[in-house]
Structure formats: C-alpha cells, structure tokens
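Chain by chain, the residues run as shown.
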Amino acid sequence: MSSFFGFLLLLSILVFCVYLVKLAITYQAKLKSFQAELTQANQIIQSLRQQRESERRTFGQLFAEITKNVTWLAPYIANVKTHTDEMNALLQRINQLLDSTKQWNESSRQMLSSPFLLQPWLKNQLSFEKAKSQQPLPIHISEIPELLVQTHLELLEKVFSKFCQDVRQSTGISGYVLEIESQQGLRLTLTGNVEATREECADASYLLLKKRVEENGGELCCLHSSQSIAQYTLNLPATVSELPQFTPDFRYLQHHVADETKAKVLIVESEPEFMDWLYYHLAADFRLTLCQTWQGAQYELDEQGAELILCDTQLSDGDAASWLSTLKHQPEYAAIPFVMLTAVDDPQQRLQAWQCYADDYVSKNSDPALLVVRLNALIENRRLVQQQMLSLSLATNSAQASSSTPVLSTTESLDEQFAKRLRWVIDQHITTQELTVEFVAQQFHTSSRSLQRRVQSVFGLSYSQYLKQTQLQIAKDALVAGHSVKEAAYYAGFTSQNYFGRVFRAEYGVTPSQFKKDASTKPPNLA
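Because the structure is a prediction, the values reported are computed rather than measured. (Residues numbered from 1 in each chain as written. Predicted model: local features only at pLDDT ≥ 70, side-chain atom pairs only at ≥ 80, totals over all residues. Heavy atoms only, no water.)

K.L.:
Please explain the sheet that holds strand β16 (residues 360-363) as it appears in this structure.
P.N.:
Strand pairing in a sheet takes place through backbone hydrogen bonds and is either antiparallel or parallel in direction. Pairing is parallel across the open sheet formed by five strands, whose spatial order is β11-β10-β12-β15-β16. A single partner strand is all that each edge strand has here, and the edge strands are β11 (287-291) and β16. Averaged over all pairs of adjacent strands, the angle between strand axes in this sheet comes to 20°, irrespective of strand direction. Bridging between strand β12 (residues 308-312) and strand β15 (residues 338-342) involves four bridges; their strand directions are parallel. From the neighbouring strand, C311 faces β15, where its bridge partner is M340. On the sheet, helix α9 (residues 320-328) packs against β10 (264-268), β12 and β15 and is oriented at approximately 175° with respect to β15. On the sheet, helix α10 (residues 347-355) packs against β15 and β16 and is oriented at approximately 150° with respect to β16. (Pairing = 2+ DSSP bridges. Helix = DSSP H or I, 4+ residues; strand = E, 2+ residues; numbered from the N terminus. Axes fitted to C-alpha atoms, helices over the stretch in contact; angles between N-to-C directions. Contact = heavy atoms within 4.5 Å.)

This is the structure:
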C-alpha cells in the first residue's frame, strides 16, 4: 500500500515538473515574441521620426521658396503691362510650389517621401559631407536643375553619402563632375578622369546598398580603377516636375545698371538668395559676372577677366582660400584684388584669409553702401599701381634698348620685370617685325591668351592699347629729339606716315608737325 502511494507521489512530481518545463518554454516564446514586437515598434517609431524630420525640412524648403518668389512678385504687379510674361512665369512657379505643399500635407505614410526641391537638398548634402570631413569635396556640379522630386529620399541620401565617402578615399584624381538627369526617373552620374581599365566595385557595403537599390526598382553601378573611383551611376524611380523658369528683372528693380566705364567684378557665391542680394546692391556701381562654383569662376576669369574678385569663403566645390592660393601662383591673376565674404565671424577663418594674402575680409551682414566703398577703394588702388607700371614701361631707357638682354634687377617685383621685358621686346623688333600678340607671346614662351591676360593685369590695358601707347611714346620721344615726322613714324613702327598722323592727332589733338614745333619752343603738355 505504501509503495502505491509512493508511486503516485513520484508520478505527481514528474507531471508537475513537466508542467513547469512547458510553462517555462511558453514564457520564453512569448518573451521573444514581445521583444521582436518591441524592436519592430522601435524601428517604426525611428522611421516615422526620420520621415517626419524629412517632411519638416521639405516643408521648410517649399515655404522658403514660396516666400522668396512672392517677394519678387510685388514689383511686377506694379508694372503689369510691361512685365506680363515674367508675371505669368512667376505665378506658375508659385502655384506649382503651393500644389506641392498641399500634396505634402495630404500625403499618406505609404509614400516614399514628400516632394522636395533638388537644389537646396543637394547643397545641404554637400555642406553636410564637407563638415563631416572638415575638407572640401572635389566635386564640381556644372548645373543643378530646378526640380521638384518625389523618390525614395532615405535611399538617395545613403547612396549620396557613399558617393562622397568613396570620393574622399580615392587617390590620384583632382576632381569629379556630377551630372543630373531627369528624363526617366532621377539619375546621378559622378565621373572622374580615370583612363585605366575599369571594374565594378566588390566592396561589401557597396554590394548591400546596390541590392537595396535594385529591390526598390533602381540601378546602382560603381566602376573603379586601382585606388580610384572612376564612375558612380545611380538611377532611382522618381516623379519629377520642372519648375517654370523665372529670372528677376534686376534692371527694373535697380534704377540703372553699370555701363562699360565701371569696373568689372567677378562674384562667386554659392547661395542664390545672397547672390540676388549682391546683384541688387552692386549692379549700379560695377559690371558683374556671377558664378556659384570655383571652377565656373575660373572659366569666367580666363574668358572675360576681372578687376576684382568677391568670393564666398565656402563653395560647393572648394573654398576661397585654396582658390586664392592657386591664383597667387599665376602671374596674370596674382595682382587682382581678392575679397572674401563670410557668413560667420570665425577667427581661424579670418587668420587663414590674411595668411593667403586676401585684400579684404567682409561679413555678409555688412552695410551695402560700405561694401561698395571698400570695393571701389581696392579697385582704385590697383589702378594707381597699373598707371605707375605703365609709366615705368613707357619711360625712355636708352641703355636697355641698346642691350642684347633686358636690364633687370633682383629688387624689382615680377610685374616691374615683366614691364621692362615687354618694352625691351618691342624696342628690339618694332622696326623689323609686325608686333602681333602671337609673336610677342613667343618671345615670352607663353600663349597669346596668357600674355593678353598678363598685360591687362599689369597695365589695365589690352595688348593692342598698350602697343599703341608705346608706339606713340616712341614717336613723341623721336620728335622731341629733333627727328622728322617720317623718321618718327618709322621708329614707332608705323608703315604709313599718313596713318601715323591720323592716329597721333586722334590721341593728342594736334598733328605730329605741330607737336614737333611746339616741343622746340616749350615743353609739351600731353598726357
């Protein structure tokens, strides 16, 4: 009997143990389920926060764009008869932005993103990536189209961040060009100057990113060569709409625009809004050329020249200090006054500007009238130096003219040595050779364009104007020395005495004969 009760007790204990084990297993399963649900909920919350932040940023961009365009509308309403086309374009632009804002407000959480403006988004990304590395990104964007884009924004930002990360790690490439297309979706192409064999990247993080892009209906390809990225291509499905083109009529907003007698100023500013502000306040006093990038400004400088450069300290493809250091090593640009613009008063940035020999360092909060005065002062000081250099070059130096090599001094500046060398070349060949810019450039072992830019920088004159001034000065010296008009024309390189007489009279208001007669009786008073 006792053995039977013992058996029942043992069986009861065994059943109870099995129940406890089952209860523990069930608890562990429910705990894991709860943890998975909690993790999923946290991910959803984080995703919603990111989407909400993105939407808040997008709404801010749209609102800022609407506000800016509405601000421009008022002057056109006052003159509706003469600005009908501009008003229509501006109203279309505002309506499209309002429709996009409405779509943002009514969008469901299933949308990939709210519509965003491509220009401010790309500029913000470049600024963010530059701040991460504390170094300028060698990426040049020739044009950022004005587009409203709706696509997988989070994925676009991840790929762009990968772009910048790989560009920073590449070696042997001075710069990349970023091109943007919107014919079929949104396509970004980043290309570097790599001529070697290209292979697709096999980096693990790149392959994971490529897989995710393909899962969302897009394409991603990265080609590399050795240690350098050759090309990045991203194509994402997107809804893209182009904003109507509108350019504010600054000639109407400003009472008048500077004529050809005003100094030519090159403005390099990455923010379109502040560039508008600069144009509005400076267009009446200077002939302005506007650029948003370092490379674009260099192109304009090569093609058109400038008497002063006004440059933002931070650009999308570099910084002003680096560009200034480059210009200081180019003789034709080294003497152009260079003014840096800054939005923040950073002592370290100011010190760097002076170390790079900037001519002035100006806050973007400066009074416009004071800015005009400071720029005019720099331009006028440079013109005074150019007049001194012209006087030095035109001055008679019989010892140098008769020597086989130009007489130069180590104490003279590079511009002074250039002025003497140029006059020596002209003196040596003026009677035996047609002094074209190509011929003179060969004597300096440079290109004709480089010589023209150098002459413009040193004397403030074109090469043809400088040659004319030099010839007339030689002719005047010959007439004062007692030579005949025919001899003076010959010494100055004029093949026709009649043509020499017309040029001389047009410049000085008297004929060569009258000038010679006056010079023999009293000192001439000719500029």
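K.L.:
What am I meant to see in the pattern of salt bridges here?
P.N.:
Pairing between side chains of opposite charge can happen when their charged atoms approach one another. This structure, assessed with the given rule, holds 14 salt bridges. For D166, the salt bridge is made with K162, and the minimal N-O distance between the two is 3.5 Å. With D166 and K162 both in helix α4 (residues 153-169) and four residues apart, the pair spans about one turn of that helix. For K162, a relative accessible area of 8% translates into the label buried. (Salt bridge = Lys/Arg side-chain N within 4 Å of Asp/Glu carboxyl O. Buried < 20%, exposed > 50% of the residue type's maximum accessible area, 1.4 Å probe, protein only.)

K.L.:
Can you help me understand the side chain of R453 in this one?
P.N.:
Positionally, R453 belongs in helix α15 (residues 448-459). Only 3.4 Å separates the side chain of R453 from the backbone oxygen of D302, close enough to count as a polar contact. Setting aside residues no more than four positions away along its own chain, R453 makes contact with L301, D302, E332 and Y333. (Polar contact = N/O pair within 3.5 Å; in protein donor to acceptor, adjacent residues only side chain to side chain.)

In short, shape yes, function no, at least from these values alone.
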